[in-house]
Structure formats: structure tokens, C-alpha cells
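Breakdown of the fold
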Amino acid sequence: MAIQLKNSLDIEKMRIAGKLAAEVLDFIGPHVKPGVTTGELDALCHDYMMDVQGTIPAPLGYCPPGYRPYPKSICTSVNHQVCHGIPGDKVLKSGDVVNVDITVIKDGYHGDTSRMFYAGEPSIASRRLCDVTFECMWLGILEVKPGAHLGDIGQAIQIHAEKHGFAVVREFCGHGIGRKFHEDPQVLHYGKAGTLAELKAGMIFTVEPMINAGRREIRELADGWTIVTKDHSLSAQWEHTVLVTESGFEVLTVSPAMPAMPQSLEPRIAA
Ligand code: MF3
Ligand code: CO
Ligand code: CO
């Protein structure tokens, strides 16, 4: 299927949706601490989206083929949970690392972004995994420009993760996004430079690597959604929604409290 190129009206709407999604993460960050339940985080985000922003939580009732409807408004994936963790009664304890993944719909357009948060003090090992995964996401984003290929993104991410002894999850990937939550293309987080589709200005997709401290294999829980590492090793993920511009990329999921690109990668912007 062809990859849709967004027009300037689409892009303006996607900037708004992206910023709103990122602002939900700004809002929920301070609430991620020992003693809170993931269900409470979900309720706080749900009310913030609906009542403060006037956005719709895209996950709520989302039902891709082969799935049952997703029951909550956000995803909270704790420690060895890779992605799609369903918020519930789980009480966060000091040292837990949590991915909060937010997708909002505003005026029919989707913004999708996730960050890692620490409840209390993380171990050195978990901080390392979260930092390297953040670098992986940015190394992928830095490949984005017209004429580059999707495989360039995957290779940049895979090389960095594996250099640190970590593994890239293969079963889930980034995705085109717009009026639909998940559109073409699939954005793999591993692969070979120069392969797969060529990027063109006006494409919008997510880059959202899932990186495991141990082996790459995963398992789905009986709830039909939550993905965990088979070996119970820690997993991390970061996600931005990105526009291909004439000169490179524009991150759409920006907000005041968004962590900045690592300074160590700044020289690569000029390259
Ligand atoms: N936000 C996830 C992504 O980045 C998708 C979650 S689907 C849900 O693609 F139904 F679990 F919310
Ligand atoms: Co996504
Ligand atoms: Co997401």
C-alpha cells in the first residue's frame, strides 16, 4: 500500500495532536512515584485528555483485527513489560521503570508518544537501558530526511542497541499515523541501510524502539494485550511522532517538559 503524503492542513493538525499527546506526558510525569497504581495514572490521564484538553484517548476501545477492544485510555508498561501494558491495580514501588504511552485524537488526527519514567530511584542497570533506548530513538529520528530509506532508521537503532549488549524487539514497530492510529509504513527498529521504502517530504510516522536488556523474545499475556520479555529481563521504549520535511525531520510530539535530544548526538544534526 502506498504511504500517504500529508498536505499542509494535515500537518498543521498533526502538530496540534502531537503537542497535546506530549503534554499529557508532561502532566502525568510528576504522578509516577512509589505507591501510585497504574490504574490511577490511567484515570488521571483520561480525565486530563477529556476534560482539560478536549482530546479523545485513542487506545480506549481500540480493536485491531485479532485483538479484543483495549480497555483503558493509556498504556503503562512496567519493568519487564515491553508494551501495551493495561493499567490496573499494580502499585508502583521504588526502582520500577514505567513506559507511559499516550495517543490522543484531536479534530480527527492522532498524536502518539511515550516516555520512560522512574518511580523513586532506578538501579544503574535500568537507567542505562532507558538512556540507551532514548539514544536509539534519537539515532533513528536523525536518519529521517527525503531520499533516506526506512532501513536506515532500523539499522541506526539496531547497531546502537546491540553495541550496548541489548536486543531489539522485532514483533512491534513504528507506524504511519494521521487520521488513522496505525497506517503504512511499518517502521522497523532493525535492518539494513538503503533497504525498504524511500522517505519523502510529507510522510508522518512514529519511531518507537522497544529494547530489551536480555534476549529479544517476547510473550503475550492472557489479557490479550500486555507484551512481556520471555526471559523477564527489563525492557524500555521511547516514542515520537515525526514528519519528513524538505530538509530533514520535524518532531511533532513536542512539549515544554519533553526530554531534549542527548547533547552527545548534536554533532550529527549538521551531518
Ligand atoms: N500507542 C501504541 C503505539 O505506539 C499503540 C497502543 S494500542 C493500544 O503504537 F490499544 F494498546 F493502546
Ligand atoms: Co505508536
Ligand atoms: Co504509542
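In the block above lies the structure referred to throughout.
Residues numbered from 1 in each chain as written. Chains lettered and ligands numbered in written order. Predicted model: local features only at pLDDT ≥ 70, side-chain atom pairs only at ≥ 80, totals over all residues. Heavy atoms only, no water.

Moving on: the coordination of the cobalt ion (ligand 2). At this site the cobalt ion (ligand 2) is bound by Asp 112 (OD), His 175 (NE2), Glu 208 (OE) and Glu 239 (OE), with donor distances of 2.0 to 2.2 Å. Its 6 donor atoms give the cobalt ion (ligand 2) angles of 51 to 163 degrees at the centre, a pattern that matches the irregular case. Donor residues for the cobalt ion (ligand 2) sit on one chain with the sequence pattern D-x62-H-x32-E-x30-E. The distance between the cobalt ion (ligand 2) and the cobalt ion (ligand 3) comes to 3.3 Å, with Asp 112 serving as a donor to both metals. (Donors = N, O, S within 2.8 Å, 3.2 Å for Na, K, Ca; no water. Tetrahedral: all angles 85-135°; square planar, octahedral: opposite > 155°, others 65-115°.)

Before going further, it helps to examine the site of ligand 1. Around ligand 1 sit 14 residues in total, of which Pro 59, Asp 101, His 182, Glu 208 and Glu 239 are the nearest. In the environment of ligand 1, a nitrogen atom lies 3.0 Å from a nitrogen or oxygen atom belonging to the side chain of Asp 101. Side-chain polar atom of His 182 to an oxygen atom of ligand 1: 2.8 Å apart, as the coordinates give it. Here ligand 1, which alone exposes 340 Å², has 97% of that area covered by the protein. (Near = heavy atom within 4 Å. Polar contact = N/O pair within 3.5 Å; in protein donor to acceptor, adjacent residues only side chain to side chain. Areas by Shrake-Rupley, 256 points an atom, 1.4 Å probe, with all protein chains shown as cover.)

Looking now at the sheet that holds strand E3 (residues 81-83). In spatial order, the strands read E3-E12-E11; together these 3 strands make up an open sheet with antiparallel pairing. Since the sheet does not close on itself, it has two edges, and those belong to E3 and strand E11 (218-220), each with one partner. When the angles between neighbouring strand axes are averaged without regard to direction, this sheet yields 40 degrees. Pairing of E3 with strand E12 (residues 227-229) involves 2 bridges; the strand directions are antiparallel. When the bridges of E12 are listed, Gln 81 appears paired with Val 228. (Pairing = 2+ DSSP bridges. Helix = DSSP H or I, 4+ residues; strand = E, 2+ residues; numbered from the N terminus. Axes fitted to C-alpha atoms, helices over the stretch in contact; angles between N-to-C directions.)

Turning next to the environment of Gly 147. With respect to the helices and strands, the residue Gly 147 is situated in the loop between helix H3 (124-141) and helix H4 (150-163). Taking the C-alpha atoms as reference points, Gly 147 and Leu 199, 52 residues apart in sequence, are found 5.5 Å from one another. In this structure Gly 147 touches Glu 198 and Leu 199, once residues within four positions along its chain are discounted. (Contact = heavy atoms within 4.5 Å.)

Here we come to the pattern of salt bridges. What the rule picks out here adds up to 10 salt bridges. Across the salt bridge formed by Lys 93 and Asp 96, the nearest N and O atoms sit 2.7 Å from each other. Between Arg 170 and Glu 162 there is a salt bridge, with the nearest N and O atoms lying 3.9 Å from each other. Classification of Arg 170 by relative accessible area gives partly exposed; the value is 25%. With a relative accessible area of 40%, Glu 162 lands in the partly exposed category. Here the residues in one salt-bridge network are Glu 12, Arg 15 and Glu 250, joined through shared partners. (Salt bridge = Lys/Arg side-chain N within 4 Å of Asp/Glu carboxyl O. Buried < 20%, exposed > 50% of the residue type's maximum accessible area, 1.4 Å probe, protein only.)

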